[in-house]
Amino acid sequence: MNSTQQKIKQLFILVLFFVFAVQVKAQDGAALYQQNCASCHGADLNGGNAASLIDGVWQFGAENSYIYRNIKFGITHLGMPSYEATLNDGEIGAILSYIRESEKHVGAVKPPIVHQSETMDYDLNVEMFAEGLEIPWAIDFLDKNTALITERPGSLRVVKNGKLLAEAVKNTPEVLHEGQGGLLDVAVDPNYDKNGWIYLAFSHVLKNNGEGRPGAMTKLVRGKIKDNTWTDEQVIFEAPHETYRTTRHHYGCRIVFDPEGYLYFAIGERGYQDMAQDFTLPNGKVHRIYPDGRIPTDNPWYNEPGSIKSLYSLGNRNIQGMAVHPVTGEVWATEHGPMGGDELNLIQAGKNYGWPVITYGLNYNGTIVSDLTRKEGYEQPIFYWKPSTALCGLDFYSGDLFPKWKNKLLVGALKYEQVSLLDIENDRVMHEEVILKNQGRVRDVSTGPDGAIYVVLNNPGTVLRLTPKQ
């Protein structure tokens, strides 16, 4: 079975479970809850040994598919067992329906965004930097007073002197906003004050020729902003059109620059997992180019016949976090695993990071991707998360407001709605601390030029600014 067929099967199973849930009577869901869940979560769902299910707070994923998988496969490291062997999909669906109906009955709503938060080192002020955004995806800064924020449907927004401008930047590229695609990363050239270049990554679709769904792939351009208008656009990466895929997920993409002047970006495997191992295809890889789109001749596969010349690494499932260490210049990345096996990797030239030959995760329906977690010739992650937290957004803290966090790694997570701080020494993760939790799905995290930490949230479409409380 190929990867596309596996994806279709996984989606079909998730749909089936909702169908089964309808077929099981509501009272059966209540009874099943009392038999299997009440001893921990309380007979009235208000919590006990485990968290309340009707307070509007979901620590391990709020979407139905997340809750379903948590019940079926468990969160064993926290003491929640797997019910895969004792409950069928219809019964799990009935319990979920009962929980959702109970939420509606009590009027459960997600608590508002906090104004303060505590960490081991600092008490934080949490300010609203921008709100009312439509699926914001990334943030970068032109200067201390000006930020750029991408919205996945296709808009590039500007925050000037603390105020979100009402009008988006005009004339930005047309994007395919479908599935996980749209306008993705924005990155400001390290020499912006001299050259004015701004870089955008987005999902690009081919023209529909009437022969079925048109292919799409991640594309990069650079341009300038003059009078709130995108101008002087140059294409710096566009994959061969024969490599485009008809899926609408796993585009990547983050853009970073190293001290030597190279630009790195990542393209997800687009749902075709085996293609991540093929150097003649662009997907499932990290790429390295010059900022103007030229390709370094010392790239690892540059001289291989038929290769994509910009490739820098192989076997990357779907990277949505990249950062360059401010001291060493090394490129680090976080990538989405399947169910379990989200990874933190140190990206190096010519290395193969294993997907799908080795993995710590399973398919979303619980089936095995690979029997192997290690194999000669494939890199081990520096750190991995199991269960997966849906890693997204990455930055080494490089400001002065939080001196104890200097050069520590800020890691965002969509599913777990959190920002973690990782202490890394000699390429080893020594400690992990969650510094922000349950404010929204974390899409990006970045150090601002003022030293504050900026957190891009989905649901709500908001950017938060974190500073130490004086």
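See the structure shown above.
Residues numbered from 1 in each chain as written. Predicted model: local features only at pLDDT ≥ 70, side-chain atom pairs only at ≥ 80, totals over all residues. Heavy atoms only, no water.

1. Here's the deal with the sheet that holds strand S5 (residues 155–160)
Judged by pairing direction, the sheet is antiparallel, and its four strands sit side by side in the order S3-S4-S5-S6 without closing on themselves. A strand with exactly one partner marks an edge of an open sheet, and here the two such strands are strand S3 (136–143) and strand S6 (163–164). In this structure, S3 lies alongside strand S4 (residues 146–151), joined through six bridges in antiparallel fashion. Opposite Pro-136, over in S4, you have Glu-151 as the bridge partner. (Pairing = 2+ DSSP bridges. Helix = DSSP H or I, 4+ residues; strand = E, 2+ residues; numbered from the N terminus.)

2. A few points about the sheet that holds strand S20 (residues 409–413)
Strand order in the open sheet formed by four strands is S19-S20-S21-S22, with antiparallel pairing between adjacent strands. At either margin of the open sheet sits one strand with a lone partner, and together these are strand S19 (391–396) and strand S22 (428–437). Sheet twist, expressed as the mean angle between neighbouring strand axes with direction ignored, is 25°. Where S19 lies against S20, four bridges are found, and the strand directions are antiparallel. When the sheet's bridge partners are listed, Asp-395 is paired in S20 with Leu-410. (Axes fitted to C-alpha atoms, helices over the stretch in contact; angles between N-to-C directions.)

3. Notes on the nonpolar core
In this structure, Leu-156, Tyr-199, Leu-220, Ile-255, Leu-263 and Phe-265 are the most contacted members of the largest nonpolar core, which totals 36 residues. Listed by contribution, the elements that provide at least two residues to this core are S3, S5, strand S7 (183–188), strand S8 (198–205), strand S9 (216–226), strand S10 (229–238), strand S11 (255–257) and strand S12 (263–267). Of all hydrophobic cores here, the second largest spans 19 residues; its members include Ile-113, Leu-421, Leu-457 and Leu-464. (Core = buried A, V, L, I, M, F, W, Y, C linked by side-chain atoms within 4.5 Å. Buried < 20%, exposed > 50% of the residue type's maximum accessible area, 1.4 Å probe, protein only.)

4. Digging into the pattern of salt bridges
Within the structure shown, the criterion is met by 19 salt bridges. Among the charged side chains, a salt-bridge network with shared partners connects Glu-127, Asp-450 and Arg-465. (Salt bridge = Lys/Arg side-chain N within 4 Å of Asp/Glu carboxyl O.)

5. Details of the state of the cysteines
In this structure the tally under the stated criterion is zero disulfides. The thiol of Cys-253 is not disulfide-bonded; the next cysteine sulfur, from Cys-392, is found 12 Å away. Cys-392 gets classed as buried once you look at its relative accessible area, which sits at 0%. (Disulfide = S-S within 2.5 Å.)

6. With respect to the pairing of S9
Taken across its eleven residues, S9 has eight buried, putting it largely inside the fold. With eight bridges connecting them, S8 and S9 associate as antiparallel partners. Counted as the bridge partner of Phe-202 is Lys-219 from S9. Pairing geometry for S9 and S10, over seven bridges, is antiparallel. Note on S10: the bridge partner recorded for Lys-219 is Glu-238. Following S9, the chain reverses through two residues before pairing antiparallel with S10; Asp-227 in that reversal takes a positive phi of roughly 55°.

7. Considering the environment of Val-429
Within the fold, Val-429 resides in strand S22. When its relative accessible area of 18% is taken as the criterion, Val-429 is described as buried. Taking C-alpha positions, Val-429 is 30 Å from Asp-189, a pair spaced 240 residues apart along the chain. Once residues within four sequence positions are removed from consideration, Val-429 is found in contact with Leu-344, Ile-382, Phe-383, Leu-422, Asp-423 and Ile-424. (Contact = heavy atoms within 4.5 Å.)

8. Comments concerning unusual backbone geometry
Across the chain, the bulk of peptide bonds are trans and the bulk of non-glycine residues have phi less than zero. In this model, Gly-252 is joined to Cys-253 through a cis peptide bond whose omega is 5°. In this model, Asn-459 is joined to Pro-460 through a cis peptide bond whose omega is 10°. Along the chain, Pro-460 falls in the loop between strand S24 (453–458) and strand S25 (462–468). In this structure, Leu-45 takes a positive phi of about 70° despite not being glycine. By the element assignment, Leu-45 lies in the loop between helix H3 (38–41) and helix H4 (64–73).

9. A short note on empty space enclosed by the protein
Leftover empty space is mapped by rolling, across the atoms, a probe with the size of a water molecule. Throughout the structure, instances matching the rule amount to two cavities of 30 Å³ or more. A volume near 40 Å³ is recorded for the second largest cavity. Lining the second largest cavity, in full, are Arg-317, Glu-335, His-336, Gly-337, Pro-338, Gly-341, Glu-343, Trp-355, Ile-358 and Thr-359. (1 Å grid on protein atoms, 1.4 Å probe; cavity = no way out; pocket = protein on both sides within 12 Å on 5 of 7 lines; lining within 4 Å. Points joined across faces, edges and corners; volume = space filled by probe spheres on them.)

10. Thoughts on the packing of aromatic side chains
Where two aromatic rings form a pair, the distance of their centres and the angle of their planes describe that pair. Throughout the structure, instances matching the rule amount to 15 aromatic pairs. Taking 5.6 Å as the distance between ring centres and 80° as the angle between the ring planes, the aromatic pair formed by Tyr-397 and Phe-402 counts as edge-to-face. Across the pair, Phe-402 and Tyr-397 agree in class, each one buried. Ring pairs connect the aromatic residues Tyr-122, Tyr-397, Phe-402 and Trp-405, which therefore count as one cluster. (Phe/Tyr/Trp six-rings, centres within 6.5 Å; stacked < 30°, edge-to-face > 60°.)

11. Focus on the side chain of Ser-313
Position of Ser-313 among the secondary structure elements: in strand S14 (residues 311–313). Judged by its relative accessible area of 0%, Ser-313 is buried. Side-chain polar atoms of Ser-313 contact the side chain of Asn-316, separated by 2.8 Å. Ignoring any residue separated from it by four or fewer positions in sequence, one finds Ser-313 in contact with Lys-285, Val-286, Trp-301, Ile-347, Gln-348, Lys-351 and Tyr-353. (Polar contact = N/O pair within 3.5 Å; in protein donor to acceptor, adjacent residues only side chain to side chain.)

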